[in-house]
Structures are given as C-alpha cells and as structure tokens.
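Descriptive structure summary
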Amino acid sequence: MAQSLELLLIQFLMPDNDARRQAEDQINRLAKDPQVVPALVQHLRTAKTPNVRQLSAVLLRKKITRHWAKLSPQLRQMVKQSLIDSITMEHSAPVRKASANVVSIIAKYAVPAGEWPDLLPFLFHISQSTQEEHQEVALILFSSLTETIGNSFRPYFASLQSLLLKCLQEETSSRVRKASLKAVGSFLEVTHDEAEVISFREFIPSILAVSRQCLASGEEDVAMIAFEIFDDLIESPAPLLGEAVKSIVQFSLEVCVSTNLESNTRHQAIQIISWLARYKSSSLKKYKLVGPILQVMCPLLAESSNSDEDDDLASDRAAAEVIDTMAMNLPKQVFPPVFEFASFNSQNSNPKFREASVTALGVISEGCVSLMKDKLEPVLHLVLRSLRDPEQLVCGAASFALGQFSEHLQPEIASHHGIVIPCILDALEDVSDEVKEKSYYALAAFCEEMGEDILPYLDPLMVKLVGSLRSSPRNLQETCMSAMGSVASAAEKAFFPYAERVLELTKHFMVLTADEDLRSRTRATELAGIVAMTVGREKMEPIIPAFIETAIAGFHLEFSELREYTHGFFSNVAELLGSGFGQYLPHVVPLSFASCNLDDGSAVDIDDSNEEINGFSSASSDDDTNDEARVRNISVRTGVLDEKASATQALGMFALHTKISYAPYIDDTLSILVRHSTYFHEDVRLQAIISLKYILTAVHEISWIHSEGISKFKEVLDIALNIYLKAMSEDDDKEVVAQACTSVADILVDFGYSSVEAYIPSLVKATSMLLRGESSCQQIETDDENDEDDSEHDELLMDAVSDMLPAFAKVLGVQFAPFFSQLFEPLIKYAKQSRPTQSKTMVVATLAEVAQNMGAPIASYIDSVMPLVLKELGSPEATNRRNAAFCVGELCKNGDAAALKYYSDILSRLYPLFGESETDNAVKDNAAGAVARMIVVHPESIILNQVLPVFLRVLPLKEDYEEAIAVYGCICSLVLSSNPQILPFVPQLVNIFAQVAVSPLETPELLYPRANNTNLMLLYTFHHQHASRNPRCW
C-alpha cells in the first residue's frame, strides 16, 4: 500500500483537476483499511517533498479517529513516536503544525485512557527548548489540546500559566509570542474556576504588547486573538480587570481610530468597548474612561462608510451601538459629553458632523431619559433646527432622532406638538425618499401618545397621509401606513370619519401577492386591525369577516413578517369582538400553533480553518469524523423569532377574550407556553409569561361551568406559578422577570389567598431575592467596582418587584406581617440618600400600599420610615411628593398611636402642599387625603379651626379621585357628628358637595350613599343656622 499511496499523494498535488479527483477517489478506497495509518505515517516521515509530508499529516488527522481502536498497541506506539519525531525534527513549519493537529486528535482518546502519559511532560520539555521551532509547536499543541483534553491540564495549571506568560514576553522570537497569544486564548476558553481566571490579569500588558507588534507588522488576524481574550475576560463574572481596564480601553481606542486597519479589526475593537460598557460599566466610571471613549465614538459617527463594506462592520454603526449601550448603563456620565458634542457640531461646516450630532442625541434618548427630559427644550430645538438643514443626510438623521425622542421621552415631548408636528409635515415635503421615510417614522412615534391633542391636526394629517398612500412608492407606503396607524390610535373615536376610506385602501394592499408588495401588505394588515379597534365592534362586526378571510389567505405566501403582523391583527380583532371571536378560533388557532412550532432557524458558523492547509481543505474528508471544530458565531433568523413571539401573544389574547370558547385549545396552548417559557430568546419567553396569565384567566372562567374545571384550574395555576418562580430566580432578562412579577401580583389579587396559599413562602423568598439583587437577571452586569448605592434605578424591574408587596398585603392582610419583616430590610435600602429619586418614591409608594392593606402591623415600622416620608414631602419631584402625602396618611391611619408623635411635623410638612406654590393638583389631592385620614383617626390631635380652612381650600378634588372616600368621608363624619368646628364652613361645604354631585369624574357608587345623607344634614344645618339669625325666614 505504501508505494501506491505515495504515487496517489503526488498525483493529488497535481494542478490537473481530473487527476486530483481520480487520486482522491482511490485514496478514499485505500483509507478504509486500517493499514492506511502506518502508510501515511511513513510518508509523513520519509517523503522527499514537504507538500507530500503535509498532505500525509492532513489525511492522517482525518482518518485516525476511525482506525485508532483497531491498531495494535505496538502500532499505536509507533504512530505516537513518529509524530513526536515529526514535531521535533521536521524542518517545514506547515508539516510540524499538521503533525501537531494529529497529536491533538490522538490525545483526545489516548490521554484520558492513560495511554500517553509522557505527552504533557514532553510538551513542557520542548517548550523550554532554545529552538523557536520547538517552542512554537509546543504552544500550538497546548492551544489545540485545551479544546480536546482541557481537564487534563488541571494539575499543571500554575506551571502552564507561568510558561505562557514567559513565552508572551519572549523578546527574540515573534513566532513564539504569537503562538503563546493563541494558546492563552484557547486556554482561557476552558478555564472556568474564578480564581484561575482572575490570575490571567497579569497577562494583559504582555497580550497588549504582542497585539501591537502584530498590528504593526500587518498580522491583524493574530492581533484579533487579543480581542477574543478580552471578550472572555470581560464576560466573565469574576472581578478580574481592575486597573487593566484602562490599558484595554486605550488599546481598543487606538485600533478604533486606525483607518488603515481592516474594518473587521476595527469592529472588534469597538465591540470590546461595547462589552465593557455592558458588563463592566462601573469600572469605566471609576477609572474615568467614559469621556475618553465618547471622544472617540462620537466622531466615529461622522465616518463615511465604504460602499463595499459590510454594513454590520461599519464603524459609524458600531460606534452608535457603543454609545447606546453606555447611555443605558451610565446615563449621568454619558449625557453631558454627548450633548456637548452635539451642540458644538450641530452647525459644523461638515454635514457628516452635523448628521453625527443629531444621531448621537437620538441614540442616547432611551438610556438618558430623565436627563434629556430635563433638557428637552434645548435638545429639541437642536434637532428641529437640523430637520431644516439643507443636507438630506442631516434631515434624515434629525427625523430619526425625533422618532427616538417620541418613543422614549413621553409624555413630556408630546406637549411640544405645536412646534413638532408642523416641522414633521414640512420634512414630509422633502424631495428625498429617505428623509420622507424617516419623517414618517418620527410622525408615527410622536402621534401614538398624543391622545386628544392630535385632534387639531387630524384633518391636515389625514389629507397628507391618504394622499401619500395613494401616490408614493412602496417603501414610503409602508411607513405612511405605520404613521396612519399611530394617528388612528391617538384619535380613537375621532378617527371614525376617516375609517371607511382608510379601510378601503387597506383592502387594496391586503390582496397583493407579489414578493415586492408583501411588506406593504403587512403594514396594511396591521393598520386594518388598529382602525378596527378605533371604529368599535358595532361598526366593524358586519365587515370584519372579509378582512379575516384575506388575512388568513396571507399565510400561504411564506412571508414571515406578514404572518407576524397577521397574528397581531387577529389579537386586535379578538379584543374587539370578545366572545364573538369564538367562531373564528377553528381557523386562526391552528395558524398560531403552526407559527409557534416553526423551526428555530438557528444557524451555526463553524470555524474549520484548521483544515485549510496549503489548499488541502477538502482532501478525503469522512462523514463520520469526530473532529470537533470550534463554534465561532451563532446567528438567528429574527423574522422567525418575531413571528413566534407574535403567535404566542395571539394565543393568550384569544384565551383572554373568548374564554369558554377557547376550552378545546387549552392543553395544546399550555404545552406551547411551557416550552416557550424557557425559549432561548427573551421576546418569545416574555410573551409566554404574559399569555400564561391569560390562559389561567380563561381556565378560571371555564371552571365555573365544567365539573372538572376546578381541578384543571389548579393544574394550570401550579404550572404557571412554578414557571413564574423559576423565571424570577433564573431568567437572565429583566423584562421577562418583571412581567413574571406582574403576573404573580395579578394572580394574587384576582384569585385570592386560598388559591395561592401553598406558594406564598416561595413567592416571598423569590421577591426577597430580587430586592436583594441576587436573581440571575441582576448578575449579568456583576462588576468588581459596582457600588449598589450609586446604581441607576432599574425602573421596569424594581417597580414590578415592589408591586408584589402590596399584592401580598392585599391578599394576606395582617397575616402579611411576618413576611413583610423579611422584605422590609432589602426594600428600605432603595431609599438610601445616594439612591436616585425614582428608587425613593418606589419605596414610599410601596410602604403606603402595604400600610393600607396590612393595617395595624405597620405601626412597628413607623419610626424607621417616617423620617424618609417626611423628607420626601419636600422633594422637588411632584411624583415623590404625591406618594409621600399618600403614604403619610396611610401611616397615620394604620399606625395609630405610633404615628401620633409625628402629627405636628407631618402637618408642617404638608402645609406647603396646599399653597399656591404647589402646582400639581394630584399632590394637593393626596395632601388633602392625608389630612383627612389624620382627622378621622385622631380628631382630638388636630387643631381643626386652623386646619380646616387650609384643607377645604383645595376642594373639590381635581385629579386623584381615589382620595374621594377619605376626603369626603372625613367631612361626612365631622358633619354627622355635629362637630362644632365644622359648622362655620357649612356654606362652603354645600358649594363643594354641589360641585362633586355634578362632576362626571367622581364615582357615585363609592361616594354618594353617605354623601347624600351629608348633603341633607348640611342643608338642614345651613337653614337652621340662618333661621336662628333671622327668624322671619322660617
């Protein structure tokens, strides 16, 4: 075999393709015999040309796995020794590397079985050699062996780490330094012990030095390994960077601004900054790196993209991602320099910098919400001025920024409709379709939250939108319909005069079938659902069947986005028709099931670069090879994800609105939701968490009419609560966890104590874990420099968590006391002086509702919380003052004697809230509610003749009508008890109650039974007083 194989190897290397194919076929036939192994080993050691020796090693690597177990011990030993000889004696570097790859494959089986005990000692020995060839191949082997027998290195960790560091610092051989860099990267990937990972900190200076040398010599692919190493270090939860983060940032920024480097190299450098902002943001803040980073990233937004460049690698796009991530994690540090950059460059002579100035503001608007709201006027002025810029790219960027503001800076930005809407309408007249498209986006985002403020603009907007829909190209028609949907949502019933015309237009788009028209059909389907909601069931029910039929037909067009939005359309129609949607369930539920059961669409990118050896990449590969290539990237077809999320949401909406009619689909739906609750993407998990509660509501309704319904409700409740408990502790997405908390709170209130009694301890424990910041979703950004007192308030998550406490209190009442004692300490830490205002008011609002529902046990916490609440009464934020006023009233009402000693301080702090300086009516209403509760509980402790004039001055209530029972109930009590202090105010009270009686905003079912009696008493008292002064009136 040896002689014939040698001829075939030579033939395989010929340039003639036919000869190559013939040789490959014959090699494959010979390779079925185990004797091919010693034959290939012989040619590896004795062939005259390096190419043949290298090819022999490549083929040996591919065939050795199949035949290794069939070889005799003597032959195995010969193979191992021959490979060692090749590594140490071979002059050709490619052959040495190819032999090293074979060693790595054999070691995977031989080392764990104890058949190659001298391999690792041998590698350590040659790594100390004075010959750089030996050092290099030893490091190459260390690198490849970590992926196959990484655990075998555990006893040698300290020695190997010392060796790698020494080789990284090797001054005489760049090849050794590069090989060591690769080995460090490979070794770090299989190192999971925190202490071992931390020990790599001392490698960072050497890694940076080698990387700079590689970049200088044009070896960018080697330098890229450094970024992979930093990526692993940054994502590790171990606190390992320390001051080294400064060096990493400096190096990354150097690469970012080096326009002579490949775009992929620069992109990786920018990604490192992005990962640092995401995972080690506190380190960036501590070492004052935010400013230097933004000084590089903001100008990168103005960098012109190469037309041949992959958009995903474009520096301006990557820089925007970094700025966005930093804004989300470090808003206080990001907003000032970005606003300064934008202000300085908004009138730059270079239009790219003018574009960058407004792009930067748009990018940070989600993260820097509160800061931008405080500076909304100058920020908005800058963007609106840019919307009138003569350069289209600047106008487009300004429209984008305005759209971002409209999404994230509500409701404050909506009050500027008088200047914003006209500017957008002007931009829609631009000759550039790109500017128009972004302006439609801005209009859609702005109008959605306008409510009745849109009414003065409704007609000009609809004239413009309807005209554009009829005459614009397809891409503009799509965004135009999105804007129209937002206008309809805001206008609600006022949209009725335009509904018929719009629905006729959507019919035209909803029957299009050409590929280029399917996005327009998608938007039309969405718009039809929105308009149907505004028109109402009575008008839509006769015509909706045709729309549903057309929507169902769209599922045959194999366009994922259309299916996604059609599920949304069905959700809207289900909400519109309620139980009347039951007739459509047999047609639409299977469609939702089909979308939920779609293939995930994951795509794995395998790095098989080891096979690329001098063009031999395809040589005689085996289908059954066990070689393990390294997974480099995982990508996902997001269209499928969005479709699954929308379908999951639709199932929940169907169940919620049709309830009993949905009974036949409960089990299949539940199976999908259970599966999707652990889905790999958070969007799908989120919709599963929401829909679980809706399914539970439907099953509860069904349980009233089916004998087996009660046991089914218990079954579904158990499934739902266990999923929610798992999400609260283990899910890594904060929005998913927040929704799980919201669902649990709803379940507690909706279904009562008896339904959830067994779960209360576990739910309290999970809540405590979240309050303490110990849940999985709160560990993602673990940072050695994190200071919890200075962390930003995670409003979405912590507000949902804090809402759990009032729900517990409402269900358990006084029995909540022992559980509240477990939750009080982790809750109150959010009210520390260093915490943001949102955190403090969250705590105060939670305490108020707990006191309201738990009752008397709150007395033991009065001394701990009253100083906080009194201070919050003077907060500059109206929301904080409002919550504090409500809280202090509930503390007095339920704290009884424990609160008495604070009455004087409370009244003095409440007094300013009744004055003209207080401009927020809701604050005044809550202050009135607090005083009313104090009077009812301890009237003897209130100097009524001083308090009542101030108290009555703010009545009737203006905004918070939930205070009606407390406020008017207090007055009723005083009048019905004939309290002498109230008599002088009877005429004023008659006027107040008269206003209340005619107000459409009050709640008569809660207020009037007692108030009417009080009205009679007031009239009697008023006439009695008047008659005593003037008897002739009687």
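Residues numbered from 1 in each chain as written. Predicted model: local features only at pLDDT ≥ 70, side-chain atom pairs only at ≥ 80, totals over all residues. Heavy atoms only, no water.

1. A word on the overall build of the protein
Worth spelling out the cut-off: Numbering of helices and strands runs from the N terminus; a helix is a DSSP stretch of H or I covering at least four residues, while a strand is a stretch of E covering at least two. A 1.4 Å probe rolled over the protein chains alone gives each residue an accessible area, and that area as a share of the maximum for its type sets the label: buried under 20%, exposed over 50%, partly exposed in between. Throughout, the Shrake-Rupley method with a 1.4 Å probe supplies accessible areas, and for residues the shown protein chains are the sole cover considered.
Looking only at helices and strands, one finds 51 helices and two strands in the protein. A burial count over the protein gives 55% of its 1034 residues as buried. About 44,300 Å² of surface is accessible on the protein, with carbon and sulfur atoms providing 50% of the total.

2. Some points on the confidence of the model for the protein
For clarity, the cut-off: As a per-residue quantity, pLDDT reports the predictor's confidence and falls between 0 and 100. Working rule for contacts: check all heavy atoms of both residues, and any pair within 4.5 Å makes them a contact.
When pLDDT is averaged along the protein, the result is 85, and 87% of the positions lie at 70 or above. The model gives residues 602-637 a pLDDT under 50, and that stretch makes 77 contacts with residues more than four places away or in other chains. This stretch, residues 1026-1034, has a pLDDT under 50; its non-local contacts, to residues over four places away or in other chains, come to five contacts.

3. Regarding the packing of aromatic side chains
Put simply, the rule reads: Pairs were defined over the aromatic rings of Phe, Tyr and Trp, the Trp ring being its six-membered one, requiring ring centres within 6.5 Å. Orientation was assigned from the angle between planes: stacked under 30 degrees, edge-to-face over 60, tilted for the rest.
The full count for this structure, using the stated rule, is 16 aromatic pairs. Look at Phe808 and Phe816: their rings are 5.8 Å apart centre to centre, the planes differ by 25 degrees, and that puts the pair in the stacked class. By the ring-pair criterion, three or more aromatic residues cluster together here, those being Phe808, Phe816, Phe820, Phe824 and Tyr861.

4. Some thoughts on the side chain of Gln687
Tracing the sequence through the fold places Gln687 in helix H36 (residues 682-703). Using a relative accessible area of 14% as the deciding quantity, one classes Gln687 as buried. What Gln687 contacts, discounting residues up to four positions off in sequence, is Ala645, Thr648 and Gln649.

5. Some remarks on the environment of Asn880
Which entries qualify depends on this criterion: For the purposes of these results, a polar contact is taken to be a pair of N or O atoms within 3.5 Å, where, inside protein, one atom must be able to donate a hydrogen and its partner to accept one; residues adjacent in sequence count only when each atom of the pair is a side-chain atom.
Checked against the element boundaries, Asn880 lands in helix H44 (residues 878-895). Taking the relative accessible area as the measure of exposure, Asn880 reaches 3% and is therefore buried. Spatially, the C-alpha atom of Asn880 lies 9.0 Å from that of Val923, the residues being 43 residues apart in sequence. Contact partners of Asn880, with chain neighbours within four places excluded, come to Thr837, Thr841, Glu872 and Ser875. Of note is the side chain of Asn880, whose polar atom sits 3.2 Å from the backbone oxygen of Thr837.

6. Section: helix H15 (residues 263-279)
We count it as follows: Helices are assigned an expected span. That span is 1.5 Å times one less than the residue count.
Here H15 spans 24 Å end to end across 17 residues, near enough to the 24 Å set by a 1.5 Å rise per residue. With 13 of its 17 residues buried, H15 lies for the most part within the structure.

7. Looking at helix H23 (residues 392-408)
Taking 1.5 Å of rise per residue, the 17 residues of H23 would be expected to cover 24 Å, and the 24 Å separating its terminal C-alpha atoms lies within 8% of that figure. Counting buried positions along H23 yields 13 of 17 residues, so the element is predominantly enclosed.

8. Considerations on the environment of Asp231
One can find Asp231 in helix H13 (residues 220-235). Along the chain, Asp231 and Gln268 lie 37 residues apart, while their C-alpha atoms are 9.5 Å from each other.

9. Quick look at a negative patch on the surface
Put simply, the rule is: Surface patches are defined over residues having more than 30% relative accessible area and no salt bridge, joining like charges when they lie within 9 Å and nonpolar side chains (Val, Leu, Ile, Met, Phe, Trp, Tyr) when within 5 Å. What counts as a salt bridge is simple: a side-chain nitrogen of Lys or Arg found within 4 Å of a carboxyl oxygen of Asp or Glu. Asp and Glu count as negative and Lys and Arg as positive, but His and the ends of the chain are not part of the count. To locate a charge, the coordinates of NZ of Lys, CZ of Arg, CG of Asp or CD of Glu are taken.
On the surface, a cluster of negative charge is made up of Glu366, Glu407, Glu448 and Glu449. Structurally, Glu407 can be placed in helix H23.

10. Side note on the nonpolar core
Worth spelling out the cut-off: Joining through side-chain atoms within 4.5 Å is the link that ties buried Ala, Val, Leu, Ile, Met, Phe, Trp, Tyr and Cys residues into a set, and such a set is a nonpolar core.
Core analysis: the largest hydrophobic core is formed by 345 residues, its most contacted members being Phe230, Met297 and Leu910. Setting aside anything within four residues of it in sequence, one finds Leu910 in contact with Leu873, Ala885, Val888, Ala927, Ala930, Val931 and Met934.

11. Considering the side chain of Arg563
Of note, Arg563 is situated in helix H32 (residues 560-577). On the basis of relative accessibility, which here comes to 11%, the residue Arg563 falls in the buried class. With near-sequence residues (within four places) excluded, Arg563 lies in contact with Phe555, Glu558, Ser595, Leu598 and Glu643.

12. Let's talk about the packing of helix H17 (residues 290-300) against helix H19 (residues 331-345)
Condition: Every axis in this analysis is a line fitted to C-alpha atoms, fitted for helices over the stretch in contact. Angles between the N-to-C directions lie between 0 and 180 degrees. For this classification, under 35 degrees means roughly parallel, over 145 means roughly antiparallel, 65 to 115 means roughly perpendicular, and everything else is oblique. A crossing counts as left-handed when the near helix is turned anticlockwise from the far one by less than a right angle, and as right-handed when that turn is clockwise.
At a minimum axis separation of 10 Å, H17 and H19 run at an interaxial angle of 40 degrees. Between H17 and H19, the interaxial angle falls into the category oblique. Considering only the axes of H17 and H19, their crossing is right-handed. Between H17 and H19, the residues in contact are Val290, Leu294, Cys298 and Pro299 and Gln333, Val334, Pro337, Val338 and Phe341, respectively.

13. Here's the deal with the pattern of salt bridges
Applying the stated rule across the entire model yields 29 salt bridges. A salt bridge links Arg21 to Asp18; its shortest N-O distance comes to 2.5 Å. You can see Arg21 and its partner Asp18 sitting in helix H2 (residues 17-30), three residues apart, about one turn around the helix. We note a salt bridge from Glu715 to Lys712, for which the minimum N-O separation is 3.5 Å. With Glu715 and Lys712 both in helix H37 (residues 709-730) and three residues apart, the pair spans about one turn of that helix.

14. Considering a nonpolar patch on the surface
Taken together, Leu7, Ile10 and Met14 make up a surface patch of nonpolar side chains, about 280 Å² in accessible area. You can see Leu7 is positioned in helix H1 (residues 2-12). The exposed category is assigned to Leu7, whose relative accessible area is 56%.

15. Looking at the packing of helix H22 (residues 376-386) against H23
We count it as follows: Residues are grouped as follows: Ala, Val, Leu, Ile, Met, Phe, Trp, Tyr, Cys and Pro are nonpolar; Asp, Glu, Lys and Arg are charged; all remaining types, including Gly, are polar.
At their nearest, the axes of H22 and H23 sit 8 Å apart, and the two run at 145 degrees to each other. Handedness of the H22/H23 crossing: left-handed. Contacts between H22 and H23 involve Val379, Leu380, Val383, Leu384 and Ser386 from the former and Val394, Cys395, Ala398, Ala401, Leu402 and Phe405 from the latter. By residue class, the composition of the contact of H22 with H23 is 10 nonpolar, one polar and no charged.

16. Here's the deal with the environment of Leu123
Relative to the helices and strands, Leu123 is located in helix H7 (residues 119-127). Expressed as a C-alpha distance, the spacing of Leu123 and Phe142, which sit 19 residues apart in the sequence, is 7.9 Å. Once you skip the residues sitting within four places of it in the chain, Leu123 turns out to touch Ala138, Leu141, Phe142 and Leu145.

17. A look at the state of the cysteines
Disulfides are covalent bonds that connect the sulfur atoms of two cysteines. Worth spelling out the cut-off: What counts as a disulfide here is a pair of cysteine sulfur atoms lying within 2.5 Å.
In the structure shown here, the tally under the stated rule is zero disulfides. Free of any disulfide, Cys892 has its nearest cysteine sulfur in Cys887, 9.4 Å distant. With no disulfide of its own, Cys972 lies closest to Cys970 among cysteine sulfurs, the gap being 9.0 Å. Accessibility expressed as a relative area gives 1% for Cys972, which makes it buried.

18. Remarks on unusual backbone geometry
Glycine aside, residues mostly have negative phi angles, and peptide bonds mostly take the trans form. Here Gln410 and Pro411 are connected by a cis peptide whose omega angle stands at 0 degrees. Within the secondary structure, Pro411 sits in the loop between H23 and helix H24 (417-427). At the junction of Leu955 and Pro956, the peptide bond is cis and its omega measures out at 0 degrees in the coordinates. Note on placement: Pro956 falls in the loop between helix H48 (944-953) and helix H49 (964-976). Phi is positive for Glu558, which is not a glycine, with a value near 55 degrees. Residue position: Glu558 is located in the loop between helix H31 (544-553) and H32. Phi angles above zero are rare outside glycine, and Lys659 is one such case at about 45 degrees. Examined against the element boundaries, Lys659 turns out to sit in the loop between helix H34 (638-658) and helix H35 (666-676). Judged by relative accessible area, which is 24%, Lys659 ranks as partly exposed.

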